[in-house]
Amino acid sequence: MSSRRAERGPSLAQLLAPSFRADPHLLYREMRERGAVIWDPYVHTWIVTGYAEAVTVFQDFLSARTPSPEAFHRMGLPMLAPAAEVMRRQMMFMDPPRHMRVRAACSALFSPVRVRRMEDRMREICRALLEDIPEGSAWDLHAAYAEPLPAMMTTEIAGLPIQDWRQLQIWSDDFAALIGNFHQSTSEGNRLAESLDAMTRYITDVIAEQRGREGSGLIGALLAQGGDDPLDDTEIVANVIITLVGGLGTTTNLISSGVATLVAHPDAMRQMREDPAAMRGAVEEILRFETPSQFSGRIAPAEVVLGGQPIARGDAVMVMTAAANRDSLVFEDPDRFDIRRSPNRHLAFAWGPHFCFGAALARMQGAIAFGELLKRTTTIELTDAPLQWRENLGLRGLTTLPVLTRRAAG
């Protein structure tokens, strides 16, 4: 049924170029202009840029899309075969009913009620991180603030020693590179394999320490998950890893990219300083405008026509979340940053069965991080250094954010 277009056109492969990583929306706009659904002959995937079509895919298409160990061997990356087994056990690559079996055990820890109880702890960490920011000299807001806050919070929530957050951040970024990029060299593959092995052994040791005693974190909750089909250690390890990736990577990107966006839109920053009620809308608009998770893969469950394109059962489909979040059919003047935008039903946390269970936590961390930063500064400016974006194509974020700030009195 599928009639894939073979002509040359925009491709996700173009994101490998630094210029497109700096501003991928030029490419996404070109894709949308060609159609809500187009075929990418270079990546061999259907690309979905339309909002309505993205919702359909999130709601109805399959998530079990991990490469097999044999596929890594065929790609000349046998060292990554163990990663295939880890991904196969992660909830984001599962479909019901297996998906709900794992998700239910994890999502309870991230309910809005539980998240609200974490507010004081978040503010405590923010204030400690901002206590010694320099006056009149440049400092890296990404490394000093945007990375530590979500890393510390997620580490504690996971039930891991908070003092290990830096190492967990490194491992998490490595695994994110594995799932966020569609290209790996042999040397990179070896490094990522070593990193995954080290993280797996670390989490396995923590599981062994916590087994048999009541724990308040994610590991304790997964160990306590009972019923006729309890999770085994390999499933617990796999889903702790993907929770760390979500909590450490995407929220870090939300904060650092968000600050850079606010600096470029000083009127929005002024509104947030003067009116705390504007904070909620500002976080939602940052999530829409500078979406941390750029795309998400699915598999067509049956023959279907989507966006006017006939798609065959088993075809790979890539939802370009960041592109759908600027669909002019849904968002008026979509390339305009507007913290008062309403409605703002963006897809930054996906949609349907795989809607991010950490959404409430990410929203609160973003609001508190921006609020505490603005409360303690009167001005925030970027230095002359060019912004450096991560090479991870799926999880868009900065590697550094050098800024100059002035402290607020008191």
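Provided above is the structure to which this section pertains.
The following paragraphs examine the structure supplied in this document. Sequence order sets the numbering: in each chain, residues are counted from 1 along the sequence as written. For a predicted model such as this one, the threshold for reporting local features is a pLDDT of at least 70, and the threshold for listing and counting side-chain atom pairs is 80 or more; totals across whole chains, interfaces and linings nevertheless cover every residue. Each side-chain value is worked out from all heavy atoms of the structure, with water and hydrogens disregarded.

### Remarks on the sheet that holds strand E9 (residues 402-407)
Then comes step 1: In this scheme, strands are said to pair when DSSP sees at least two bridges between them. Here a helix means four or more residues in a row that DSSP labels H or I, a strand means two or more in a row labelled E, and each is numbered from the N terminus. On the basis of which strands lie adjacent, the open sheet formed by three strands has the order E3-E9-E8 and antiparallel pairing. Of all strands in the sheet, those bounded by a partner on one side alone are strand E3 (139-140) and strand E8 (377-382).

### Section: the nonpolar core
Then comes step 1: Among the nonpolar cores identified, the biggest contains 96 residues, and Tyr145, Leu160, Phe175, Ile203, Val240 and Phe370 are the most heavily contacted of them.
Then comes step 2: When residues in this core are grouped by element, the largest group, 15 residues, is from helix H14 (residues 233-264).
Then comes step 3: Contacts were defined at the residue level, with two residues in contact if any of their heavy atoms lie within 4.5 Å. When neighbours within four sequence positions are excluded, Phe370 is seen to be in contact with Leu254, Ile255, Gly258, Val259, Leu262, Met272, Met279, Val283 and Ile286.
Then comes step 4: Side-chain atoms within 4.5 Å are what join buried Ala, Val, Leu, Ile, Met, Phe, Trp, Tyr and Cys residues into a set we call a nonpolar core. Only protein chains enter the accessibility calculation, which uses a 1.4 Å probe; a residue whose area is less than 20% of its type maximum is buried, one above 50% is exposed, and one in between is partly exposed. With 19 residues, the next largest nonpolar core counts Ala54, Ala300, Ile311 and Phe331 among its residues.

### Observations concerning the packing of H14 against helix H18 (residues 359-375)
Then comes step 1: Axis angles are defined between N-to-C directions and span 0 to 180 degrees, where every axis is a line fitted to C-alpha atoms and, for a helix, only to the segment in contact. Where H14 contacts H18, the two axes come as close as 10 Å, and the packing angle between them is 40 degrees. The pairing of H14 with H18 is recorded here as oblique in orientation. In the crossing of H14 with H18, the sense of the turn from one axis to the other is right-handed. Facing H14, whose interface residues are Thr251, Leu254, Ile255, Gly258, Val259 and Leu262, H18 presents Ala362, Gln365, Gly366, Ala369, Phe370 and Leu373.
Then comes step 2: Tallied by class, residues from the contact of H14 with H18 come to eight nonpolar, four polar and no charged. To sort the angles, those under 35 degrees are grouped as roughly parallel, those over 145 as roughly antiparallel, those from 65 to 115 as roughly perpendicular, and the leftovers as oblique. Two helices that cross are described as forming a left-handed crossing if the nearer one is turned anticlockwise from the farther one by less than a right angle, and a right-handed crossing if clockwise. Each residue gets one of three labels, nonpolar for Ala, Val, Leu, Ile, Met, Phe, Trp, Tyr, Cys and Pro, charged for Asp, Glu, Lys and Arg, and polar for the others, Gly among them.

### Quick look at the pattern of salt bridges
Then comes step 1: Put simply, a salt bridge is a Lys or Arg side-chain nitrogen that is within 4 Å of an Asp or Glu carboxyl oxygen. A complete count under the given rule lists 25 salt bridges for this structure.
Then comes step 2: Taking the shortest distance from any N to any O, the salt bridge between Asp335 and Arg326 comes out at 3.1 Å.
Then comes step 3: By relative accessible area, Arg326 is classed as buried at 6%.
Then comes step 4: Several salt bridges converge on common partners, so that one network encompasses Glu119, Arg123, Arg127, Glu372, Lys375 and Arg376.

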